[in-house]
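Residue strings, one per chain:
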Amino acid sequence: MAVYTPVSAEVLAEFLARYDVGELVSAKGIAEGVENTNYLVDTTTGRFILTLYEKRVDGGDLPYFMALLDHLAARGNPVPPAIKDRSGTAIQTLEGRPACLIKFLSGVSVSHPTSAQARAAGVAMADMHAALADFPETRANSMGVETWSPLFERCGRSLDTIAPGLYDDLGFAIDRVVGAWPQAMLDTVTIHADLFPDNVLMRGDAVSGLIDFYFACTDLRVYDLAIMHSAWAFDATGAHYDAAIGDALTAGYEQRFPLSSVEQAAFPTLASGACVRFALSRAWDWLNTPADALVTRKDPLAYVRRLSHYAPELAKRTR
Ligand SMILES: Nc1ncnc2c1ncn2[C@@H]1O[C@H](COP(=O)(O)OP(=O)(O)OP(=O)(O)O)[C@@H](O)[C@H]1O
Ligand SMILES: N[C@@H](CCO)C(=O)O
């Protein structure tokens, strides 16, 4: 589920009256997603997404995210900008939450992408990076390399309740990956930082939407590709790597940004960093979400297992 904050039809109709979008026809909560409340809203003029930002999105970051979406949309990237109301305001407050009405994009996110879809998604990421080259705003990565050790320590020995020995194994991996992090050697740009298959909408083999920019930040460009690679090229358990998908994704990206020898050499470390980052955020959520909550908890171990592919030297310490 992802409706943390209910919005009644009356309140929504009043909210929509600020915009030139016609009148409310129907609204229903969207089950996918875990971070924010999302409604699919139909009006007499079209279809929209209403997002109410929950705990993980800081309202103070919304102007950055919305400027980023406007920048990309203006350059032809398939992203959903927020709709502005009659006074030109995009970021609103609804039921005590920051909220935006967002352009609806057609397409579906695929759970098992084909090579052709992975290639198209790699091209779409490269197009996005090219379009962001002149985006002037910056935002620190709230899940960046310097946050991993503190978050790891906040999880603490409770990690061993997820799997015996996880505290020692993940701590070992974090030390190695952070120690080898190639920060100064690579381009720093604006990145999406969470371009999982569920954040790419597709129509057939074509990308029709890139969504969920709420981790977007200023960080290493090839780290964005590494995050995407780690998210797309494994089965759900994280134990099985699909080389055809990984290669297609990278080949699509390299049409525009061929990886230099330095980037190729850094890639396993960057991808291991992605494994650490998502293992940690999932572990934190796992430990802090009651087992009977309506939200489906994501498996941290699926990311720990991916480390064996990118960093076999860490494998003996991971499962
Ligand atoms: N602009 C859009 N156009 C069409 N569908 C959208 C749009 N934005 C969101 N959706 C739909 O809503 C779902 C949830 O959106 P989103 O991934 O942004 O939510 P979230 O709670 O931030 O999720 P996540 O767990 O991925 O962080 C998506 O899977 C997609 O089906
Ligand atoms: N994409 C993330 C969740 C949202 O940040 C994950 O699968 O762990």
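Taking an unreviewed UniProt entry as the reference, the chain is identified by name as Homoserine kinase belonging to Sphingomonas echinoides. Reading the Pathway (unreviewed entry) entry of the UniProt record for the chain gives the comment "Amino-acid biosynthesis; L-threonine biosynthesis; L-threonine from L-aspartate: step 4/5." In UniProt, the chain has this text filed under Sequence similarities (unreviewed entry): "Belongs to the pseudomonas-type ThrB family."

### Let's talk about the overall build of the chain
Summing up its helical and strand segments, the chain has 11 helices and 9 strands in all. The C-alpha atoms of the chain give a radius of gyration of 20 Å, which matches the 20 Å a tight globule of 319 residues would have. Taking the principal axes of the C-alpha coordinates as reference, the chain spans close to 60 × 45 × 35 Å. For the chain, the residues scored as buried account for 53% of the 319 residues in total. For the chain, the share of sequence-separated contacts (at least 6 apart) that also reach a separation of at least 24 residues comes to 71%. Carbon and sulfur atoms make up 54% of the accessible area of the chain, which amounts to about 13,700 Å² in all. The positive charge centre, built from 27 side chains, and the negative charge centre, built from 38, are 2 Å apart in the chain.

### Digging into helix H4 (residues 145–155)
Because each turn of an α-helix spans 3.6 residues, side chains separated by three or four positions end up pointing in the same direction. Residues of H4 that are buried include every one of Val145, Thr147, Trp148, Leu151, Phe152 and Cys155, and no others. The buried residues of H4 occupy one face: seen down the axis, they fall within an arc of 135°. Turned more than 90 degrees from where H4 packs its buried face, Glu146 and Arg154 sit exposed. Those residues of H4 hidden inside the fold are in contact with helix H5 (159–162), helix H6 (166–179), helix H7 (221–232) and helix H9 (261–288). Positive phi shows up at Gly156, right after H4, with a value of about 60°.

Rules used in this analysis
Every chain begins its residue count from 1, and numbering advances along the sequence as written. Chain letters and ligand numbers both follow the written order, the letters beginning at A and the numbers at 1. Confidence filtering applies because this is a predicted model: local features only for residues at pLDDT of at least 70, side-chain atom pairs given and counted only at 80 or more, and all residues used for totals across whole chains, interfaces and linings. The side-chain figures draw on all heavy atoms in the structure; neither hydrogens nor water molecules are used. UniProt positions are given in the numbering used here, feature names are shortened, and annotations may be inferred rather than shown by experiment. Starting at the N terminus, helices and strands are each numbered in turn, a helix being any DSSP run of H or I of at least four residues and a strand any DSSP run of E of at least two. As a reference, a globule follows 2.2 Å times the number of residues to the power 0.38, and the radius of gyration itself is taken over C-alpha atoms. With a 1.4 Å probe rolled over the protein chains alone, any residue whose accessible area is under 20% of its type maximum counts as buried; one over 50% counts as exposed, and the rest are partly exposed. Should any heavy atoms of two residues lie within 4.5 Å, those residues are considered in contact. Method for areas: the Shrake-Rupley scheme with a 1.4 Å probe, in which residue coverage is limited to the protein chains shown. By the counting rule applied here, Lys and Arg register as positive and Asp and Glu as negative, while His and the ends of each chain are not counted. For charged residues, the charge sits on one atom: NZ in Lys, CZ in Arg, CG in Asp, CD in Glu. In this description, the arc belongs to the directions extending from the helix axis to the C-beta atoms.

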